[in-house]
Amino acid sequence: MPNEHILVVDDERDIGALLEYNLTKEGYVTTYAASGEAALTAARTRTVDLVILDLMLPGVDGLEVCRRLKSEAKTSHIPILMLTAKSGEADVVAGLELGASDYVVKPFSPRVLVARVRAILRRSGSELHESSVLHVGPIAIHPGKHEVVGSDGAVALTAGEFRILHFLARRPGWVFTRQQIVDAAQGDDALAAERFVTDRSVDVHIVSLRRKLGQDGPLIETVRGVGYRLRDE
């Protein structure tokens, strides 16, 4: 049975109680927060393995909570599962760009949500235990430490950007389609096909990666009509 600590953030107490009931039934330890401010305090003062975060919160909303958690060294490693009544592409892309690992749209199936939680924690755990450093040209990628160093020094990436770069770096020179990149960034759980993903979201991540990599950005090449590759100089 798992014993990971999950922070549940939702201003609707009934939904919070439903989430806590299903998670504790699976063996997870839960903490409930009804506001963005309470969520930030809990994440900063406790050992949290995952945050289930509603986007529609009073005061500090979910996207701002996500941004703050991912921008602080102490909490940037915590995976975030967004919970939202919004299913529009802009909201999903915004959350993923801020570093969220996945999302579930209300109304949701508790079984689906628990499966997503398991998948995220499994992926997070496997990334944590990887220790080999990948070197592609001037870029060094340390999966276990979630660190990237390039010609311009350390590079701060979101969780999604890191997974995409790591995926490309594992086979430098190989060309991957957008769908292959999406699948790799999301993980290999059976629910991946149900997720709301688009080619545009991959393109946004690639543009951001190139910008953050600075002079090493051009190493990520576009292969017209196919997808992307990371060139090994």
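Residues numbered from 1 in each chain as written. Predicted model: local features only at pLDDT ≥ 70, side-chain atom pairs only at ≥ 80, totals over all residues. Heavy atoms only, no water.

I'm lost on the overall build of the chain in this one. Help?
When you go through the chain residue by residue, the secondary structure sums to eight helices and 12 strands. In the chain, buried positions account for 49% of the 233 residues. Once local pairs closer than 6 in sequence are excluded, the contacts in the chain between residues at least 24 apart make up 60%. Within the structure as shown, the chain displays about 11000 Å² of accessible surface, and the carbon and sulfur contribution to it stands at 52%. (Helix = DSSP H or I, 4+ residues; strand = E, 2+ residues; numbered from the N terminus. Buried < 20%, exposed > 50% of the residue type's maximum accessible area, 1.4 Å probe, protein only. Contact = heavy atoms within 4.5 Å. Areas by Shrake-Rupley, 256 points an atom, 1.4 Å probe, with all protein chains shown as cover.)

Help me understand the packing of aromatic side chains, please; the structure alone is not making it clear to me.
Each aromatic ring pair is characterised by the separation of its centres together with the angle its planes make. In the structure shown here, the tally under the stated rule is two aromatic pairs. Each ring, one from Phe167 and one from Phe176, has its centre 4.5 Å from the other, and the planes form 50 degrees; the classification is tilted. Looking at Phe167, the relative accessible area reads 14%, which means it is buried. Of the residues examined, Phe176 reaches a relative accessible area of 6% and is grouped as buried. When the ring of Trp174 is compared with that of Phe176, the centres are 6.5 Å apart and the planes differ by 25 degrees; the resulting orientation is stacked. Trp174 gets classed as exposed once you look at its relative accessible area, which sits at 53%. Through a chain of ring-to-ring contacts, three or more aromatic side chains come together here, namely Phe167, Trp174 and Phe176. The ring of Tyr32 is capped by Arg13, whose NZ or CZ atom sits 4.0 Å from the centre of that ring. (Phe/Tyr/Trp six-rings, centres within 6.5 Å; stacked < 30°, edge-to-face > 60°. Lys NZ or Arg CZ within 6 Å of the ring centre and 35° of its normal.)

Whenever I open this one, the pattern of salt bridges confuses me. Can you help?
Working definition: two side chains of opposite charge can pair if their charged atoms are close together. Scanning the model with the defined rule gives 13 salt bridges in all. A salt bridge links Lys106 to Asp10; its shortest N-O distance comes to 3.1 Å. Here Asp10 lies in the loop between β1 (5-9) and α1 (13-25) and Lys106 lies in the loop between β5 (102-105) and α5 (110-129), a separation of 96 residues in the sequence. The same class applies to Lys106 and to Asp10, which are both buried. (Salt bridge = Lys/Arg side-chain N within 4 Å of Asp/Glu carboxyl O.)

Even after reading the chapter, I still don't get unusual backbone geometry, so can you show me in this structure?
Negative phi characterises most residues that are not glycine, and trans characterises most peptide bonds. Cis geometry is adopted by the peptide bond preceding Pro107, which originates at Lys106 and carries an omega value of -5 degrees. Within the element layout of this structure, Pro107 appears in the loop between β5 and α5.

Help me out: how do you make sense of the packing of helix α2 (residues 36-45) against helix α3 (residues 62-71) in this one?
A pair of packed helices is captured by two measures, namely the crossing angle of their axes and the spacing between those axes. Where α2 contacts α3, the axes come no closer than 10 Å and their chain directions differ by 20 degrees. As judged from the angle between their axes, α2 and α3 are roughly parallel. Both α2 and α3 take part in a crossing whose hand is right-handed. Here α2 contributes Gly36, Ala39, Leu40, Ala43 and Arg44 to the contact with α3, which in turn contributes Val65, Arg68 and Leu69. (Axes fitted to C-alpha atoms, helices over the stretch in contact; angles between N-to-C directions. Parallel < 35°, antiparallel > 145°, perpendicular 65-115°, else oblique. Left-handed = near helix turned anticlockwise from the far one by under 90°.)

So what exactly am I meant to see when it comes to the sheet that holds strand β8 (residues 147-150) here?
Strand pairing in a sheet relies on backbone hydrogen bonds. The paired strands run either parallel or antiparallel. If you walk across this open sheet you meet the four strands as β6-β7-β8-β9, and the pairing is antiparallel. A single partner strand is all that each edge strand has here, and the edge strands are β6 (134-136) and β9 (153-155). Across the sheet, the mean angle from the axis of one strand to that of its neighbour is 25 degrees, orientation sign disregarded. In the sheet, strand β7 (residues 139-142) pairs with β8 via three bridges, with the strands oriented antiparallel. In the sheet register, Ile141 faces β8, and the bridge partner there is Val148. Packed on one face of the sheet, helix α6 (residues 159-170) meets β6, β7 and β8 and runs near 115 degrees to β7. (Pairing = 2+ DSSP bridges.)

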